[in-house]
Each structure stands twice: as C-alpha cells, then as structure tokens.
Amino acid sequence: MRPRLIAKFGGSSLANPSTWKLVRNILRERRALEPLVVVSALGVLKEKGKASKLKVTDRLLRLAELKSFKAELESLHSDHRELLLGLELEGDLLDDAFEELAQDLKDRPAGPEGLDRIAGWGELLSSQVMAAYLRQDGWNARAALPEELGMITGEQFQDASVLEESLNSIAQKVIQSRELLVVPGFVGVTHDGRRTTLGRGGSDYTAAVLGAALKRDVEIWTDVDGVAATDPGVVDKPITVSELSHEEAYQMAAFGSRVLYQKCLAAARLAAKRGRHLKMVVKNTFNPYHPGTVIVGHSSPDGVPKGVTALEGVQLLTVYLDREEDYRGLWADVAELAEGRLLMASYATGRASFVFDRLSPGLEELETRYSRSHLSREQVLIKVVGDGIGTNHGLLARIHQSIDALENPEKWGAPLVHKSPQLLTDATFEFVALKRGARELIVRLYKDLFDPDALRVGLLGLGTVAGGMLQYARELYSREKTGVDLHFPVAVVRSLDKARVFEGELTQDPSAVLENRQIDVVVELMGGIEPARTHILTALQNGKHVITANKAVLAEHGPEIFAAARKYRRNLGFEGSVCGEIPVIEMVQKMPSDQDVEAITGILNGTSNYLLTRMADGSDYADALGEAQESGFAEADPTLDVSGADAAQKLSILASLVFHTPVAWRSIRLQGIESIRAVDTAEAARLGLSLRPVGRAVRHRGGLELWVGPALVEPGHSLYAVRRETNAVSLRLQGREEPLTLVGKGAGALPTARSVVRDLLEVARRERFRMVDIPAFHEGAPVPVLPHSEHVYPWWVRFTVQDQPGVFGAITAALGTHGLSIRQASQQEGHDGVAHIFLALKPARRGALEAALEHLGAHHAVVATLCLPVLS
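These lines cover the structure that appears in this document, whether it is placed above or below. (Residues numbered from 1 in each chain as written. Predicted model: local features only at pLDDT ≥ 70, side-chain atom pairs only at ≥ 80, totals over all residues. Heavy atoms only, no water.)

**Observations concerning the overall build of the protein**
Argument step 1. A tally of regular secondary structure across the protein gives 30 helices and 34 strands.
Argument step 2. Whereas a compact globule of 872 residues would reach a radius of gyration of roughly 29 Å, the protein reaches 39 Å, over 25% beyond that.
Argument step 3. Oriented by its inertia axes, the alpha-carbon framework of the protein measures out at about 130 × 75 × 50 Å.
Argument step 4. By the burial criterion, 55% of the 872 residues in the protein qualify as buried.
Argument step 5. For the protein, the share of sequence-separated contacts (at least 6 apart) that also reach a separation of at least 24 residues comes to 74%. (Helix = DSSP H or I, 4+ residues; strand = E, 2+ residues; numbered from the N terminus. Rg over C-alpha atoms; globule rule 2.2 N^0.38 Å. Buried < 20%, exposed > 50% of the residue type's maximum accessible area, 1.4 Å probe, protein only. Contact = heavy atoms within 4.5 Å.)

**Looking at unusual backbone geometry**
Argument step 1. Note that the residue after Ser420, namely Pro421, is joined by a cis bond; omega there is 0°.
Argument step 2. One can find Pro421 in strand 17 (residues 417–424).
Argument step 3. Residue Glu530 is joined to Pro531 through a cis peptide bond whose omega torsion reads 10°.
Argument step 4. Secondary-structure assignment places Pro531 in the loop between strand 22 (521–524) and helix 20 (532–541).
Argument step 5. Look at Glu88: it is not a glycine, yet its phi comes out positive at around 60°.

**A look at the nonpolar core**
Argument step 1. With 69 residues, the main nonpolar core has Ile170, Ile382, Ile399 and Leu441 as its most contacted residues.
Argument step 2. In this structure, Leu540, Ala564, Leu572 and Val597 belong to the second largest nonpolar core, which totals 55 residues. (Core = buried A, V, L, I, M, F, W, Y, C linked by side-chain atoms within 4.5 Å.)

**Topic: the packing of helix 5 (residues 111–119) against helix 6 (residues 121–136)**
Argument step 1. Contact pair helix 5 / helix 6: the axes reach a minimum separation of 5 Å and the direction vectors enclose 20°. Relative to helix 6, helix 5 is oriented roughly parallel. Where helix 5 abuts helix 6, its residues Arg117, Ile118 and Ala119 lie against Trp121, Gly122 and Glu123. (Axes fitted to C-alpha atoms, helices over the stretch in contact; angles between N-to-C directions. Parallel < 35°, antiparallel > 145°, perpendicular 65-115°, else oblique.)

**Thoughts on the pattern of salt bridges**
Argument step 1. All told, the structure shown has 53 salt bridges when counted by the stated rule.
Argument step 2. Among the ionic pairs, Lys650 bridges to Asp646, the shortest N-O distance being 3.0 Å. Residue Lys650 and its partner Asp646 are located together in helix 26 (residues 645–659), separated by four residues, close to a single helical turn. Considered together, Lys650 and Asp646 belong to a single accessibility category, that of buried residues.
Argument step 3. We note a salt bridge from Glu790 to Arg845, for which the minimum N-O separation is 3.5 Å. With Glu790 in the loop between helix 28 (749–768) and strand 31 (792–802) and Arg845 in strand 33 (residues 834–845), the pair connects residues that are 55 residues apart, well separated along the chain.
Argument step 4. Here Glu790 falls in the partly exposed class, since its relative accessible area comes to 40%.
Argument step 5. Looking at Arg845, the relative accessible area reads 36%, which means it is partly exposed. (Salt bridge = Lys/Arg side-chain N within 4 Å of Asp/Glu carboxyl O.)

**Quick look at the packing of aromatic side chains**
Argument step 1. The full count for this structure, using the stated rule, is twelve aromatic pairs.
Argument step 2. A centroid spacing of 5.2 Å and a plane angle of 80° characterise the contact between Phe562 and Phe574, whose relative ring orientation is edge-to-face. Here Phe562, found in helix 21 (residues 551–567), pairs with Phe574, found in the loop between strand 24 (572–573) and helix 22 (584–589); they are twelve residues apart in sequence, far enough to count as distant. Of the two residues, Phe562 and Phe574, neither departs from the other in class, the shared state being buried.
Argument step 3. Judged by centre distance (5.7 Å) and plane angle (85°), the rings of Trp707 and Tyr793 are edge-to-face. Residue Trp707 is located in strand 28 (residues 703–713), and its partner Tyr793 is located in strand 31; the two are separated by 86 residues in the primary sequence. Each member of the pair Trp707 and Tyr793 is classed as buried.
Argument step 4. Following the ring pairs from residue to residue traces out a cluster consisting of Tyr327, Trp331, Tyr347 and Phe354.
Argument step 5. Over the ring of Trp139 we find Arg31, and its NZ or CZ is 4.3 Å from the ring centre.
Argument step 6. When the ring centre of Tyr250 is taken as origin, the NZ or CZ atom of Arg269, which lies over that ring, is 4.7 Å away. (Phe/Tyr/Trp six-rings, centres within 6.5 Å; stacked < 30°, edge-to-face > 60°. Lys NZ or Arg CZ within 6 Å of the ring centre and 35° of its normal.)

**Side note on the layout of surface pockets**
If a probe the size of a water molecule is rolled over the atoms, the empty space left behind becomes visible.
Argument step 1. Reported here for the second largest pocket is a volume of approximately 1300 Å³.
Argument step 2. Every residue lining the second largest pocket is counted, 46 residues in all, and those nearest its centre are Val465, Leu525, Gly527, Lys551 and Glu635.
Argument step 3. Residue assignment for the lining of the second largest pocket shows that the elements contributing at least two residues are helix 17 (464–475), helix 21, helix 23 (606–616), helix 25 (639–642), helix 26 and helix 28.
Argument step 4. Residue composition of the lining of the second largest pocket, grouped by class: 16 nonpolar, 20 polar and ten charged. (1 Å grid on protein atoms, 1.4 Å probe; cavity = no way out; pocket = protein on both sides within 12 Å on 5 of 7 lines; lining within 4 Å. Points joined across faces, edges and corners; volume = space filled by probe spheres on them. Nonpolar A, V, L, I, M, F, W, Y, C, P; charged D, E, K, R; others polar.)

**Some thoughts on helix 4 (residues 95–107)**
Owing to its 3.6 residues per turn, the α-helix aligns residues three or four sequence positions apart on the same side.
Argument step 1. Spanning 13 residues, helix 4 covers 19 Å between terminal C-alpha atoms, matching the ideal 18 Å at 1.5 Å per step.
Argument step 2. Listed in full, the buried residues belonging to helix 4 are Ala97, Phe98, Leu101, Ala102, Asp104 and Leu105. Looking straight down helix 4, one finds its buried side chains confined to an arc of 160°; they lie on one side. Pointing more than 90 degrees away from the buried face of helix 4 are the exposed residues Asp96, Glu99 and Lys106.
Argument step 3. Residues of helix 4 that are buried in the fold lie against helix 2 (56–65), helix 3 (70–86), helix 5, helix 6 and strand 8 (195–197). (Expected span 1.5 Å × (residues − 1). Arc of directions from axis to C-beta.)

**Quick word on the sheet that holds strand 1 (residues 6–9)**
Argument step 1. Read from one edge to the other, the open sheet built from eight strands follows the order 5-6-2-1-9-11-12-10, with strand pairing classed as mixed. The open sheet has two free edges, formed respectively by strand 5 (141–143) and strand 10 (243–245), since each of these has just one partner strand. This sheet shows a mean twist of 20° between the axes of neighbouring strands, independent of strand direction.
Argument step 2. With three bridges joining them, strand 5 and strand 6 (residues 180–184) adopt parallel strand pairing. Bridging from a neighbouring strand, Arg142 pairs with Leu181 of strand 6. (Pairing = 2+ DSSP bridges.)

**Some points on helix 12 (residues 326–335)**
Argument step 1. Regarding helix 12, the residues found buried are Leu330, Asp333 and Val334. Down the axis of helix 12, the sector holding all buried residues measures 100°, keeping them to one side. Away from its buried face, by an angle of more than 90 degrees, helix 12 presents the exposed residues Arg328 and Ala335.

**As for the side chain of Ser13**
Argument step 1. Among the structural elements, Ser13 can be located in the loop between strand 1 and helix 1 (17–29).
Argument step 2. With relative accessibility at 0%, the residue Ser13 sits in the buried group.
Argument step 3. Sequence-distant contacts of Ser13, that is, excluding residues within four places in its chain, are made with Thr19, Trp20, Val23, Trp221, Thr222 and Thr285.

**Looking at the environment of Leu125**
Argument step 1. With respect to the element layout, Leu125 can be found in helix 6.
Argument step 2. The exposure class assigned to Leu125 is buried, which follows from its relative accessible area of 0%.
Argument step 3. On a C-alpha basis, the gap between Leu125 and Ala97 in space is 7.3 Å, while along the polypeptide they are 28 residues apart.
Argument step 4. Discounting chain neighbours no more than four positions away, the residues touching Leu125 are His80, Leu94, Ala97 and Phe98.

**Observations regarding the environment of Pro146**
Argument step 1. Locating Pro146 in the fold gives a position in helix 7 (residues 146–149).
Argument step 2. According to the relative accessible area criterion, Pro146 is buried, its value standing at 2%.
Argument step 3. Sequence-wise, Pro146 and Leu124 are 22 residues apart; in three dimensions their C-alpha atoms are separated by 9.4 Å.
Argument step 4. Beyond its immediate sequence surroundings of up to four residues, Pro146 is in contact with Leu124, Met151, Pro184, Val187, Gly188 and Val189.

**Notes on the packing of helix 23 against helix 24 (residues 621–631)**
Argument step 1. For the pair helix 23 and helix 24, interaxial distance at closest approach is 9 Å and the crossing angle is 130°. The angle between helix 23 and helix 24 falls in the class oblique. Considering how the two elements wind past one another, helix 23 and helix 24 form a crossing that is right-handed. Between helix 23 and helix 24, the residues in contact are Tyr610, Leu611, Arg614 and Met615 and Tyr621, Ala624, Leu625, Glu627, Ala628 and Ser631, respectively.
Argument step 2. Tallied by class, residues from the contact of helix 23 with helix 24 come to seven nonpolar, one polar and two charged. (Left-handed = near helix turned anticlockwise from the far one by under 90°.)

**Side note on the sheet that holds strand 22**
Argument step 1. Within the open sheet, the six strands sit side by side as 21-20-19-22-23-24. Their pairing is parallel. The open sheet has two edge strands, strand 21 (505–507) and strand 24, and neither has a second partner.
Argument step 2. The sheet contact formed by strand 20 (residues 485–492) and strand 21 spans three bridges and is parallel. Looking at strand 21, one finds that Val492 is bridged to Thr507.
Argument step 3. In this fold helix 28 packs onto strand 19 (454–460), strand 20, strand 22, strand 23 (545–548) and strand 24, with an angle of close to 165° to the strand it touches most, strand 23.

So this is what it looks like as structure tokens:
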C-alpha cells in the first residue's frame, strides 16, 4: 500500500474513548489518502490545568524501578482494559502483550538499554488498540513493529536517531504491505534487534522519518491549534503561527516550543537529501478544522517575525582580559568543559562572554580560575525567530525599542538585557536577559511584534464611570478611526453578587490586575484615597501605565504618584479627574510656554452647578439635590461637591500644572453653596446676573490667588450661560483679550468616560512610539499663596435682618468705617418680620469686607449675611 499521508496522534488525542472517536472521525475524512497512522502512548487529559495521573511512559519507567511491580502493572493493564471496553473492543486484546511486558520487566538489562526496553511499551500497546479499533470500523489495519519496518537506529539509548541508510528499506516495507499500518511512535531498534527510544518528541520524530522515507506529508495531531508564537504559559492565548519554514521551526523547537521538537527537523533534512521538501502540519484533534501550522521546506526573505522563544536556566560567564592573546587560552579552557553545552560566545576588546545551557562544577571552577570574571547564574536566553529578520532593520529597531521600554535599573537592580553576547543571524536575534524580568520582556516583545494594535486594560472599580467607559467602548468607539483594539479582560469589584454587564473576569483580588503581565494599562476608578493610592503605585512599579479619574488621590498624593511614574517610566493619564469630558489637561500640557496662562476661572463641579441652576429655575435646595441624585449627577452624600472640596481638589491639580508650583488643595479658600437661598437666586435673576460655583486661580506678582465658592457672573462673562451639570474652564492668556473657554459635561458616566477613553488612546499612541511623557507636577519652586483677605473684587452682599428702623444705617456706617463703597442697594421683605438687604459694593479687599461683616455680626438685628464676588 502506498500511503499518501502520515497521520500521527499524540497522547492527548488518545486519552479516553471520546478522544479516540474524534481520531476515528479524522481518519474517516482522510480514508481516500490511505494514511499511515503513528500513535503515542495513551495520554492523560488535563483537568483544571493539571493532569489527573502520570503519563503511561512515566508509569512504565516507575515500573522498571520497582522490585515488586505486579500491582502497578495490573493498574496499568486495568486502565487499558477499561479503554478497550469503552471502545467496544475485546477486553483481553492486550493480555498477551502485558504478559510479554511482565517478562521484559523481569529480564531487562541494567542501565539505559533496559529502560528503553520498558519505556516504549506504551506506544506498542496503543498501536495494537488503534489497529483493532480501525478494523472494527472496516479498515484493513494492523500494528507494525519497528523491527518489522526496519526502523534501525544507532545505539544511543533513550535518545536514538534513525539511520539515514534505513529510509529506503522502511519505504519498501511499507509499500509492500497490503494493510493500513499503525506504527508505534517513539520506538526503534538497533541493527541487532535491541529496542531503543527516540527521545523527547520521539513519536513526532517517527512520523517525520516515515514522511521522509515515503516522501509524503505529515500531520501531527495534538491538543493545540498549532505552533504558538510564544509560550502560552507566559502570554495568554498567543496567536497560532500559520506557516513556518524548517529553519524557523527548528529554531522555535530548539528554544522550548513544546509542540514540535528538533529531531523532526533533522528528519526534514533527510527528506531534502532524498529530493523532497517534507511538509508537516500541526493540527488540533479537538478543533480539527482549524488550519493549524504548516511547516514547509522553503524560506521567506521577508523578515517577518514568527515567534519569541526562551530558554531558562542558562549561565553567562563574562571574563575580562588584558591582552587579546589571552583569549586563546580561555577558549581552550572553555572547550575542555565536559558538562553542559556552549550556546553562544562573543569576544570584544577586553571582554569575552560565554552562554552555557546549565550550571556545572567545571563552570564554577572556571570562574574562580579567572580573577576578573563573573558568572551570572540562572539567566534566560531569548530568541526572536523569523526568516530574513537579520536584514529587516525596521524590525530590529522595534525589538530594541521594546527592550528599551522596559529597561529600568531602579526596578530590576541591573540592566534587563546583557549587552554581550548578542547573536544576529538571518533567522534569529538572540540575547540574554535577567530571569526576574524575562517574562515581562517576552510579553512586551510579543505585544509589539504580533499584537501592536491591542491595548489590554485592567479595571480597578466597575461603578458608574467604569460602566460608562465600557458602554462608550461598546457602542461609540471606532477601532477603524483610532487603529487601537481595546480589550478589558479583568475588573476588580467590591462585590461579586451584583449583576453587571462585563464580558471579562470579575474578581475581588487586585493582584489579578496589578500582577497580570498581560495588562498594559490599569484604569483606577475606585475613588477615595486608599487603597487607590497603593494600587496606583503598585501598578506603576509593575510596569503598567495608569489612568485615573480620581482627583482626591492626585490632590493628596500627586507628587508621590508622578514621581513613581517618572521613576518607572510609565505614562499617567488623568484627564477625567478634573472636568469630565473637557480636555483641559491635554490643553495646558501642550501650552508652549510656562508663562502663557495668567488665570484659570472655571465651573469645576457639575453637581453644584446643577443645583444652582435648578434653584434659579424655582426649585428649593432640597428638591434640586433630590433631582440631581436621581439623575446620577450627585452622590448619596453630596458633601464633597456642595462644600467646594471637590472643586478645590480639581483646581489644585490644574493650578499645579499651569503654574508649575505645588498647590495644596487645602490651601485654597473654600465657600460652599449650602448657604445659598432662593432669595439669592431670585435677586441675581432680577439684576440680570447668574449664580455659578466658581474655582479661580490667578497669577499675581506677589503670589497665587486661589479660591472656590459661589459667585455672581455678569452677562458678558464666559461662564454666564453655563448651566446644569455642565462644566467650563476659561484660561486668560497673555496678549489675548477674550479668555479661551472650554465647555463640556462635568457629571455623569459618559462625559468622564470620554476622557478616560481619550487617555487610553493617548497611552496607546505613546506606546506605539515608545514615548513616556510625565508632566512637571508639583515640581517647580514654591510660589506663595496670597492671603484670601487680599482678594479684590466687586462684591454682592445680602444681609438678612430684623425689619427694624436704623438697621440699614448701621450697616452703611459699618461699611463706610472699613472703606467700603456702595454702588447699588435694594431691600425685600421676608417672612416673620425679617427683611433682606442687598448691596452691590465697589471693588474692595475681601479682608475689609470680612472685618465689616464681623463687626455687624454683633448687631442684634443682623440674622445672617452672605457675600459673593462679582465676575465681569
């Protein structure tokens, strides 16, 4: 029979009756190709990432070590008998084979040869089961022993190789057979008939040898979709490489790709000598219609990366030499090392470097022999694989940029990547990295080379703003416009019981985000000071960019957080912390001059503006607050908003950035809106003014003027028409009469979400160009804060008084005593014998007004006072 395909099935494909049925279906679809089947020993399917029992080969090797093996052997026989019954085959099919195995256990010689006699039995047993199973399905199938096929190997037991001269004989014997042959993988024989095993990945090697002998394609069926671009244990769900050349596959296998092994590529070289480019396809038994990874003989000169692999546990010996001729003696000493394999070496003037695959006494002795030497133990040799990459200078630049992006001696305690040795070939770029940073570097290389458009975001908090951000990303975000794929794999929440719309993992464990190497950006939307501060600092230390909408933590700990971002070279986005959707942070950061902005005037709290707007429309304070809370514009406890503290925190962030000086939010004078009454909003409306919650920072020659509180705004002012939950920021610039004003929503889920998404895109842009841009926050020379008593404004004052003769005169007299001039006055009767006196004062110092009000506070008829600045 001339098979037109070699189909090899690994242990996971042969784990139980269900998987055997999948194999049968695969072979049925290939029946016309008359496939030659190669099998491994029965496998063990993993449950929750761990195998439930030892593999058959490991159990056989343990049997070989036991003096009394009867019970263990019966357990192995029982497992095979159970499989036979599950496949509806005769339960005694393997009885003779197990008797022969028992005899081999008694008679086996000592040493590796004896172990090989036992270790290959798993494949021999599987081949008999597969042949019987296929006969049951109507195939003319039988198991073929390696000695029958002439699978002749050398005498290197436990890692034997098939002799090239045996290939013709193998082909002839297969073709002469009239049955479909089932061949045990992993097993060969010496010229004199002693059984050998073929080493790691031996069953794949058997299939590749048969492919080389018969000049046929080989399918290797396993439990993954193909060869992954990097280790799935390091990168979650890496892409499957669609095609590899033999050289690329060899390089991947040499450095730990566990799907295919090096000896398969040695068989490919044998096929090439026979005039056939061996084609191998790695496919998934459990996903059989996935195209898998095709391994072909020809190479591509395009310089496209195919994989990132790593070999852990390498040892780097660096020797410093005074004379170039000393290198010859050193090289001779290295060549004499009996243990370990030399993987890489380099020599530059005054320094020689050698990389070995393991630590050995001889290597440690060599370090002591050369006084000026250093042995870096347990390092990681990383390799980027791809035909033609040696001439792809753009790709090499990206690799170096990826390394540079993670270089941080503060974090690693040393350079992350050793400058020597490094090896560049046509198909690989290899270098040695510190073990403690190697996995993070592999993740970075994978992202930059294979998934550069993806941004993986870990969420700390999944409340209103986070929900708005996810809604925005789901319904409004345009990947086509931005070129960035946003992924949200995990979110940390307070309670897992609450129903949420989130496709990723929900957890209460912050480390699922902070310690997750896959996460590029941490978005902190928890609010409050702790644990938000600690989580932000941990994220930065762990090499993650951070975005936060938490003005409280920045106002309290901004210098510490910005210093950490600079130390660990991570970007920090905080646009959403100040004014919802208004891009004011972006604007002030891009100002070309530190002295351009003379003053900041803004409505920085949407809740307060909503309340004052509704009161101006006729609602009282309590009703307006209830409406705001119901609409999501106010918290259950609105104290921070209505007291002015929230606006002060935002103003401190803005002022610190604009004026390049530390501005502590507690240094800002606060006046809340709780004392505003309906009579005040009505009088303001009568005068044609609007009542707004204002934050203001002004640069004066003697220091900064800083305050937050309600103010009356004249019609020509930029804040006059800003109503409800809307925010606005006006910047007074040098040489410009009209202020530059930005207006946008300052409360609600979507407005802040827009700013967070903009920050995410900015981080993605900087990632793409390897940029880190941390603003100078709280880093300039301290500028004094002017006493609030020195603030000069026109003032509007309301006196609530007992309606008695002489009160107005007492008020005007007190004001005159303190140098205050009245521009306009009016009076309104209240209830229960109370009257309201409204005075518009000419510009004056706040200190003079407060002194007058303190004096009047002692007057028996003065019930309450309110003074507000007037902005024109």
